[in-house]
Amino acid sequence: MTEIIRTANLVKDYSLGKVKVRALNGVDLTIGEGEFVAIMGPSGSGKSTLMHIIGCLDTPTSGEYHLDGVLVSEMEKNQLAMVRNRKIGFVFQSFNLLPHLNVLKNVELPLMYAGAGQKERNLKARQIIDSVGLSERLRHKPAELSGGQRQRVAIARAIVNDPAILLADEPTGNLDSQAGGDILEIFSRLHSEGNTVIIVTHDKAVANRAGRIIRIMDGRIENGDIAG
Amino acid sequence: MAISLAESLSVGLADILTRKVRSAVTVIGIILGVMSIMVVLAIVNGMNKSTLEWMGERGGLSKIEVHQNWAYDFSKGGDASFDLREINYIRQQVPEAAAFNPQTQLNPREMQYGELGYTCSLLGVFPDMVKVEDWPVKTGRFINQLDIDNHNNVVVLGSTTATELFSSRSPLGQYVTYTGNRLLVVGVMEPKFLQNQGGGESFGGENALEYMNQRAFVPLSTLLSKIDPNQRINSLSLQAADPESAKQLRRKVEDIVLDLKRGKRLFMVDSAQEQMEQMKRNSQIFSTIFVLIAVISLLVGGIVIMNIMLASVKERTREIGVRIAVGARRRDVFLQFLVQTVLITGLGGVLGIILGYGVLGGVGKYLKLQVIASAQMIWVALLVSVGVGLLFGTLPALRASTLDPVEALREE
Ligand SMILES: Nc1ncnc2c1ncn2[C@@H]1O[C@H](COP(=O)(O)OP(=O)(O)O)[C@@H](O)[C@H]1O
Ligand SMILES: [Mg+2]
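Residues numbered from 1 in each chain as written. Chains lettered and ligands numbered in written order. Predicted model: local features only at pLDDT ≥ 70, side-chain atom pairs only at ≥ 80, totals over all residues. Heavy atoms only, no water.

## Examining the domain arrangement of chain B
Taken domain by domain, chain B comprises domain 1 (5–54 + 279–410) and domain 2 (62–271). For domain 1 of chain B versus domain 2 of chain B, the separation of C-alpha centres amounts to 55 Å. (Domains from an automatic or database assignment.)

Right under this line is the structure:
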């Protein structure tokens, strides 16, 4: 199996005034291409921090992070923007759709920053929206959609640029079990189509679908790299 | 992989359209600033042009006028008039003057032709009046030196005086009577016309120079010797060879007159050239002051815009975080906000120009003022409003583009 993510001794410190908070305390992690990984752990254990670094939204205080064979922990901001745009799809707990853009425009957003032309954007975005079952909602604003529908739009946005990894930080946390189940179905399908999926979750149902569970505690991985 | 300027424009425009009211409020300062710059400059331009036209009609820039000094305290004695001997003396002192016209004006009385009467002012003048005023006769001839020498009873009518008494018939060769004097009509002046400014409807309607058409002219000698021997000469006009020498000639005439009146400043001597220069200076000061006020209001408008945009950046922190998360670069975010600010101020500039045209149209029509809006002004207005956008959009755009995405996404 080709490895797509490899981290070595990742450390992330936050300073709250004079107090230093160590959110990650030496994370060594390897994830292979096409894996479906669930990250679990108590609140405040550093899951989101790890996801942000993996998603190139944040940089580690020290340690190395290779994504798809490239050392991204040393990259500067503009290069990181490119990586976020091309290699990473991020799904948040709170959806994070732009409220004044309709479904189509929200999904087109990564394509716009990728420099795609209007035609190509429109075509690709429609295809992806169709694949998450929201063809009828193209012109709806996020406020006119249910939570489950919003999260499906967010997933469509995350995958529209065909990223190397799909990251989701508690994607079902704000949904009822029915809608959460639908979202889980979509992640499973994406995994079965060959995508690498990493989900932070408290939900046993989600974890059960994953090929591997990584447990995190006080900024460290507990069960190391043992396959689940 | 950065998004193009066109893309930033469309994003910016979409932002403006979703926040119409706010954008409109934001831009009021710019609209008013641009509008006032336009209106003030157009009015000043128009006034300058009107004054030049007036001066052109009243004998041009080489003209020098000697008239009573309103500031002089006449209770100290002396009267602001000349007699013929003094006039002849002045004439001898200024051989370089291209034209020389002393004149005196009687209070309006009735001029009669047969049964008809028309109340008009009678002026005693020199043949040079046509040169000094740059005002030719239309038919017949003007008063000549022979008329002066012989105190001839001849009269030249202003165009209105002529039509009032003779309607369409030719007055030439006819006799009119003025305070009992029979006068032979030898000529009729060209009508004088200058569009009235500022709605001065009470005198002569549209024509600011109608009062000149309502006059009649006789030889100065005739008026003084036959029509009203008590009358004195109370004004004197000259033409210098050219506008450049007018200043020098004015000083010379001033000295001669002062000397003649034993140092009493009974008279003022003005030259059109200097008046025009003074007017230009005044209007420059005037427009500088107003443009300065407008620029200050633009800057205040810019500060308002900056604050609104800063608030907008704060309010849209999460949106910015999302854009960064899906791949927007610093530059993309920076451009998005800068372009949006420039679009708002540019649009404000356009609205200001349109509004300015509206106001100028109203000023031109209802206040009857000549206004001149130049294409250059429009470019300046546009540039200024875009410049304000660039100047005051930079800080908000910088703040937006340097947000930390993780922090931004945490924002509620
Ligand atoms: N921006 C920050 N400033 C200070 N401390 C932070 C910041 N972000 C996270 N932390 C701290 O780092 C630790 C890990 O946080 P996080 O990764 O969000 O945990 P989780 O997602 O597992 O709940 C927590 O103790 C949290 O308080
Ligand atoms: Mg978290």
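There is more to say after this.
## A word on empty space enclosed by the protein
To find leftover empty space, a probe the size of one water molecule is rolled over the atoms. This model, assessed by the stated rule, comprises four cavities of 30 Å³ or more. The calculated volume of the largest cavity comes to roughly 100 Å³. Taken together, Arg84, Asn85, Ile88, Gly89, Phe90, Phe92, Pro110, Arg157, Ala158 and Asn161 of chain A together with Ala325 and Val326 of chain B make up the full set of residues lining the largest cavity. Of all the secondary-structure elements, those providing two or more residues to the lining of the largest cavity are helix 2 (77–87), strand 6 (88–91) and helix 5 (147–159) of chain A. (1 Å grid on protein atoms, 1.4 Å probe; cavity = no way out; pocket = protein on both sides within 12 Å on 5 of 7 lines; lining within 4 Å. Points joined across faces, edges and corners; volume = space filled by probe spheres on them. Helix = DSSP H or I, 4+ residues; strand = E, 2+ residues; numbered from the N terminus.)

## Let's talk about helix 13 (residues 375–401) of chain B
Residues and elements named next belong to chain B. Across its 27 residues, helix 13 extends 37 Å between first and last C-alpha, which sits within 8% of the 39 Å expected from 1.5 Å per residue. Gly393 marks the point of greatest bend in helix 13, at about 40°, and the proline Pro396 comes within the next four residues. Among the residues making up helix 13, those that are buried are Met377, Ala381, Ser385, Val388, Gly389, Phe392, Gly393, Pro396, Ala397, Ala400 and Ser401. Along its buried surface, helix 13 packs onto helix 2 (20–57), helix 10 (272–315), helix 11 (317–325) and helix 12 (330–366). (Expected span 1.5 Å × (residues − 1). Bend = angle between axes of the 7 residues up to and from the residue. Buried < 20%, exposed > 50% of the residue type's maximum accessible area, 1.4 Å probe, protein only. Contact = heavy atoms within 4.5 Å.)

## Here's the deal with the pairing of strand 7 (residues 165–169) of chain A
Residue and element names in this part refer to chain A. Most of strand 7 sits inside the fold, with five of its five residues counted as buried. Taking every second residue as pointing to the same face, both faces of strand 7 are buried, with Ile165, Leu167 and Asp169 on one and Leu166 and Ala168 on the other. Strand direction decides the pairing type here: strand 6 and strand 7, joined by four bridges, are parallel. Bridge assignment links Ile88 to a residue of strand 7, and that residue is Ile165. Bridging between strand 7 and strand 8 (residues 196–200) involves five bridges; their strand directions are parallel. (Pairing = 2+ DSSP bridges.)

## Looking at the sheet that holds strand 4 (residues 62–67) of chain A
Residues and elements named next belong to chain A. Taken together, the four strands give an open sheet; going across it, the order is 2-1-4-5, and neighbouring strands pair in antiparallel fashion. Looking along the sheet, the strands with just one partner apiece sit at the ends: strand 2 (19–32) and strand 5 (70–71). Across two bridges, strand 4 lies against strand 5 in antiparallel orientation. For His66, the partnering residue across the bridge sits in strand 5 and is Leu71. Sheet contacts for helix 1 (residues 47–54): strand 1 (3–16), strand 2 and strand 4; angle to strand 2, the most-contacted strand, approximately 60°. (Axes fitted to C-alpha atoms, helices over the stretch in contact; angles between N-to-C directions.)

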